[in-house]
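A look at the structure
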Amino acid sequence: MIKRHVLLAALALALAGCGSNVKLDPPVQGDASATTGTEGSGAAGQGAGQSSVTQVQAGGAGADAAGPAGVGRVIYFDYDSFSVKADYQPVVDQHARFLQANRGRNVILEGNTDERGSREYNLALGQKRAEAVRRALTLVGASDGQIEAVSLGEEKPAVSGSSEDAYSQNRRVELRYR
């Protein structure tokens, strides 16, 4: 199970780094976007080579595509712990309410650890942290089907270094909406 999540996380990171060198066709004469001025945001000076793709805001006007506005997206943990601290309950509550109100939205919970401990131990601890946040969200009312919990272990530190300050910033779960 953990291997699958690690493999999926690695695949997602690899795909995120891929780019495309495909040139878009210029707008066709008579294309509605060419006459209404709704062309995509191509680089200045491309002129007729700009894309005719229009930007779409998912979720309608005023929706925050990244989750609830003004709410933290990181939950920190104590050393060697996967208990969600009471300090983060308001953050959990607001994300759960957002998910309840937006049943079509999903969130990935990325569990992270500091560099101490073996790779296997850290992957397991990161998974337990992500699962603890998942349980907290579902207890408040979010649907389990909207939440995916994965572990990144020590592989994606927020801060490099071997100080207690760096360690404390790396012991976390990040909420990423999609």
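Nothing here was measured: the structure is a model prediction, and the numbers come from that model. (Residues numbered from 1 in each chain as written. Predicted model: local features only at pLDDT ≥ 70, side-chain atom pairs only at ≥ 80, totals over all residues. Heavy atoms only, no water.)

**Describing the overall build of the protein chain**
Looking only at helices and strands, the protein chain has five helices and four strands in total. When its helices and strands are written in sequence order, the protein chain yields α-α-β-α-β-α-β-α-β. Per-residue burial for the protein chain yields a buried fraction of 31% across its 178 residues. For the protein chain, the share of sequence-separated contacts (at least 6 apart) that also reach a separation of at least 24 residues comes to 68%. Looking at the protein chain as shown, the accessible area adds up to about 10,600 Å², and 55% of this sits on carbon and sulfur atoms. (Helix = DSSP H or I, 4+ residues; strand = E, 2+ residues; numbered from the N terminus. Buried < 20%, exposed > 50% of the residue type's maximum accessible area, 1.4 Å probe, protein only. Contact = heavy atoms within 4.5 Å. Areas by Shrake-Rupley, 256 points an atom, 1.4 Å probe, with all protein chains shown as cover.)

**Focus: the sheet that holds strand β1 (residues 74–76)**
Strand pairing in a sheet takes place through backbone hydrogen bonds and is either antiparallel or parallel in direction. A sheet is described by the order of its strands in space; here four strands give the open sequence β1-β4-β2-β3, paired in mixed fashion. Only two strands of the sheet have a single partner each, and these edge strands are β1 and β3 (147–153). Looking at each pair of strands side by side, their axes are set apart by 20° on average, direction ignored. Contacts between helix α3 (residues 89–101) and the sheet are confined to β1, β2 (107–112), β3 and β4 (172–177), with β4 contributing the most and set at about 20° to the helix. Running over the sheet, helix α4 (residues 119–140) touches β1, β2, β3 and β4 and is turned about 155° from β3. (Pairing = 2+ DSSP bridges. Axes fitted to C-alpha atoms, helices over the stretch in contact; angles between N-to-C directions.)

**Here's the deal with the pattern of salt bridges**
A complete count under the given rule lists 13 salt bridges for this structure. Residue Arg171 pairs with Glu164 through a salt bridge whose shortest N-O separation is 3.2 Å. In this structure Arg171 comes out as buried when scored by relative accessible area, which is 6%. The exposure class of Glu164 is partly exposed, given its relative accessible area of 45%. (Salt bridge = Lys/Arg side-chain N within 4 Å of Asp/Glu carboxyl O.)

**Notes on the side chain of Ser151**
Tracing the backbone shows Ser151 in strand β3. A relative accessible area of 2% places Ser151 in the buried class.

**Thoughts on the confidence of the model for the protein chain**
Reading predicted coordinates in detail is not appropriate for stretches of low pLDDT. On average, the protein chain scores 77 in pLDDT, and the residues at 70 or more come to 63%. Contacts from residues 13–64, a stretch scored under 50 in pLDDT, to residues over four places away or in other chains number 33 contacts. (pLDDT = per-residue confidence, 0-100.)

**What to know about unusual backbone geometry**
The phi angle at Asp80 is positive, at roughly 55°, despite the residue not being glycine. Note that Asp80 resides in the loop between β1 and α3.

**Some points on α4**
A rise of 1.5 Å per residue sets the reference length of α4, with its 22 residues, at 32 Å; its end C-alpha atoms lie 32 Å apart and thus fit the reference within 8%. Every buried residue of α4 is accounted for by Asn122, Leu123, Leu125, Gly126, Gln127, Arg129, Ala130, Ala132, Val133, Arg134, Ala136 and Leu137. (Expected span 1.5 Å × (residues − 1).)

**Re the pairing of β2**
Within β2, six of the six residues are buried, which leaves it mostly tucked inside the rest of the structure. Covered by surrounding structure in β2 are Val107, Leu109 and Gly111 together with Ile108, Glu110 and Asn112, the residues of both alternating faces.

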